[in-house]
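Residue strings, one per chain:
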Amino acid sequence: MDTDILICGAGAAGLTLAVDLARRHIPFVLIDQAATPFAGSRGKGIQPRTLEIFEALDVADRMIAAGGRYPAQRHYAADGGYRDEATVAATAATPTEPYGEPLMLPQHLTESMLRTRLAELGHVPRYGHTLSGFEQDDGGVTARVTTADGEVDVRARYLVGADGGRSFVRKALDIGFPGESLNARAVVADLALTGLTREVWHRWGSGAKQISLCPLQGTDLFQLQMPVPLNGQVDLSDAGLAAVIAERSGRTDIVVQAVHWCSDYAMSARLADRYRVGRVFIAGDAAHVHPPTGGQGLNTSVQDAWNLGWKLAAVLRGADDALLDTYEEERREIAADMLGMSTRLLDAARQRGDLRRGREQQQLDLGYPASSLSLDERGDDAPLRAGYRAPDAPCVGAGGQAVRMFSLLRSGDWIMLRYEPATAPVIAPRAGLRIVTVGEHAELRDHHGHLRDAYGFAAGDIALVRPDGYLAVLTHDEQSPALTACVEKLI
Ligand SMILES: Cc1cc2nc3c(=O)[nH]c(=O)nc-3n(C[C@H](O)[C@H](O)[C@H](O)COP(=O)(O)OP(=O)(O)OC[C@H]3O[C@@H](n4cnc5c(N)ncnc54)[C@H](O)[C@@H]3O)c2cc1C
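Here is a short report on the structure shown in this document. Bear in mind the structure is a predicted one, so any value in this text is a computation, not a measurement.

Criteria and thresholds
Residues numbered from 1 in each chain as written. Predicted model: local features only at pLDDT ≥ 70, side-chain atom pairs only at ≥ 80, totals over all residues. Heavy atoms only, no water. Core = buried A, V, L, I, M, F, W, Y, C linked by side-chain atoms within 4.5 Å. Buried < 20%, exposed > 50% of the residue type's maximum accessible area, 1.4 Å probe, protein only. Helix = DSSP H or I, 4+ residues; strand = E, 2+ residues; numbered from the N terminus. Contact = heavy atoms within 4.5 Å. Salt bridge = Lys/Arg side-chain N within 4 Å of Asp/Glu carboxyl O. Pairing = 2+ DSSP bridges. Near = heavy atom within 4 Å. Polar contact = N/O pair within 3.5 Å; in protein donor to acceptor, adjacent residues only side chain to side chain. Areas by Shrake-Rupley, 256 points an atom, 1.4 Å probe, with all protein chains shown as cover. Nonpolar A, V, L, I, M, F, W, Y, C, P; charged D, E, K, R; others polar.

1. A closer look at the nonpolar core
In step 1: Ile 5 and Leu 131 are the most contacted members of the largest nonpolar core, which totals 94 residues.
In step 2: With 11 residues, helix H7 (residues 297-316) is the single largest residue contributor to this core.
In step 3: Beyond its immediate sequence surroundings of up to four residues, Leu 131 is in contact with Leu 6, Cys 8, Ile 31, Ala 143, Arg 144, Val 145, Leu 159, Phe 168 and Val 169.
In step 4: Core analysis: the next-biggest nonpolar cluster, separate from the first, contains 23 residues, Leu 384, Leu 417, Tyr 419 and Tyr 455 among them.

2. Re the pattern of salt bridges
In step 1: Scanning the model with the defined rule gives 33 salt bridges in all.
In step 2: Among the ionic pairs, Asp 20 bridges to Arg 24, the shortest N-O distance being 3.1 Å.
In step 3: Taking relative accessible area as the criterion, Asp 20 reaches 0% and is therefore assigned buried.
In step 4: The salt bridge involving Arg 276 is made with Asp 321; its shortest N-O contact spans 3.3 Å.

3. A word on the pairing of strand E9 (residues 141-147)
In step 1: Here E9 shows one buried face, formed by Val 141, Ala 143, Val 145 and Thr 147, and one open face, formed by Thr 142, Arg 144 and Thr 146.
In step 2: In this structure, strand E8 (residues 130-136) lies alongside E9, joined through 6 bridges in antiparallel fashion. Bridge pairing in E9 places Gln 136 opposite Val 141.
In step 3: Linking E8 back to E9 in an antiparallel pair, the connection comprises 4 residues.
In step 4: Adjacent in sequence and paired antiparallel, E9 and strand E10 (residues 150-161) are bridged by 2 residues.

4. With respect to the site of the ligand
In step 1: What surrounds the ligand is a group of 30 residues, the closest being Asp 32, Arg 42, Gln 107, Asp 285 and Leu 298.
In step 2: Ala 13 is positioned such that a nitrogen or oxygen atom in its backbone is 2.9 Å from an oxygen atom of the ligand.
In step 3: Interatomic distance of 2.8 Å between a side-chain N/O atom of Asp 285 and an oxygen atom of the ligand.
In step 4: Burial of the ligand by the protein amounts to 89% of the accessible area it has alone, namely 1000 Å².
In step 5: Secondary-structure elements contributing two or more residues to the shell around the ligand are helix H1 (12-23), E8 and H7.
In step 6: A per-class count over the shell around the ligand returns 10 nonpolar, 15 polar and 5 charged.

5. Points about the side chain of Ser 41
In step 1: Note that Ser 41 resides in the loop between strand E2 (28-32) and strand E3 (45-46).
In step 2: Within polar-contact distance, the side chain of Ser 41 engages the side chain of Gln 223 at 2.9 Å.
In step 3: For Ser 41, the residues in contact, after removing those within four places along its chain, are Pro 106, Gln 107, His 108, Asp 190, Leu 216, Gln 223 and Trp 261.

Quick look at the structure:
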């Protein structure tokens with residue numbers, strides 16, 4: 001079987017990459033060794049930046065309709081009294097940031113909606129297909145895939161290992177995965193139960209004896225989370241979980257009716273030494289693992305895929321291969337910071353029971369200002385720098401209809417914004433680049449000044465926005481060699 005891209009692993013990272021490639025009409029094959037899709041709640045928090053990406057992939061509204069808000073946490077005292085505390089930062093949507101708070105949606109529902117979108121684009125993951133070996137040469141990768149009917153060879157131009165924390169691809173490439181075990185082990189389970197209200201996230205105890213039951217939006221279930229001793233067997237039977245809930249909560253009125261999914265995991269923080277070896281990449285948990293505190297894993301995995309997808313598509317269509325090196329350059333540093341942050345949050349949760357999540361976890365301030373793709377020719381005092389996330393901005397088309405900056409980005413193309421230019425465009429039209437002129441008599445009108453304020457635009461400014469919604473070039477000069485070089489080499 002021949003294809004352009006073989007994606008190994010149909011979790012959050014693999015599915016996001018598949019949807020992005022499908023909408024770009026890039027041939028790919030998506031395989032997963034599991035017989036059926038993953039069925040647990042695990043990563044239940046979708047951060048605002050990830051919602052923006054899911055909007056670009058046309059799945060955000062469905063996810064928001066299916067999920068819900070994070071409820072307050074109710075901390076019970078030994079005498080049965082309690083205090084309620086907000087756990088996530090929630091602000092109203094603004095013109096630049098349309099999603100003000102994380103969405104709660106169990107991971108299996110997030111993945112199911114990505115599969116639905118994939119089906120609409122004409123693709124399905126191939127379950128029961130295990131990547132069992134591969135070799136690469138100058139022209140591509142030859143992979144062996146084991147199925148119930150035997151072994152098949154897949155020849156692809158590139159292979160992406162989105163195959164989770166125990167990644168076969170990472171190990172086969174002999175990529176180091178240094179880090180540390182965090183001496184923490186926990187159980188997470190999805191339970192049908194009676195005896196608790198669904199308005200709050202219930203939490204009892206502290207330290208090693210704490211337990212929490214969170215109503216899972218989009219389902220009738222509760223997600224149980226609790227630390228367990230590092231060593232020894234944990235009784236994960238229905239009766240065993242019911243007994244530990246009674247013991248740690250002191251409540252006998254909570255009745256477990258069914259355990260839908262359950263997992264027992266040891267926490268560690270590790271980062272792959274490399275994200276690319278030749279024609280093979282790793283993404284998501286295959287490249288970084290960390291504690292679930294802060295709800296960053298699924299989000300970072302989705303954003304790895306989002307960074308890689310457009311670059312693979314561009315290189316397959318003739319862009320400079322060096323573009324693919326910027327994947328590791330940009331994403332590894334983000335993961336290194338995220339590992340530090342989720343480990344600090346784990347310590348705060350262990351020592352002070354502090355579970356609050358704020359702006360830092362929303363991932364809206366992440367960007368790539370140090371990337372070799374970011375070229376800034378404006379002054380240092382500009383509010384926005386090359387490499388930053390391109391803010392949303394509600395504008396109006398010449399026909400009077402509402403047009404948002406984010407609706408332009410849905411095309412998957414590069415967007416060049418020319419703000420009140422004095423001359424006609426000098427960059428010639430080309431596939432993959434959309435040149436949009438903003439002005440009183442132009443195609444896009446910034447009547448309320450949202451673009452001007454968010455981008456710090458003055459008349460004659462140019463912003464070149466990457467397909468993944470980050471600013472590549474900011475300049476006053478449309479004939480700037482840096483701008484021309486970027487367009488010539490990358491688009
Ligand atoms: C308790 C818990 C709570 C969490 N909470 C959050 C949260 O609130 N927010 C958040 O962002 N993240 C959270 N996470 C993390 C999140 O679940 C992961 O980061 C996310 O699943 C990573 O996605 P992925 O696609 O990289 O990998 P996975 O989801 O692990 O998918 C990898 C896929 O690869 C397949 N595979 C493996 N080997 C092969 C092979 N050889 N051939 C073919 N297929 C293969 C597997 O079957 C699997 O389907 C949590 C995790 C846990 C355990």
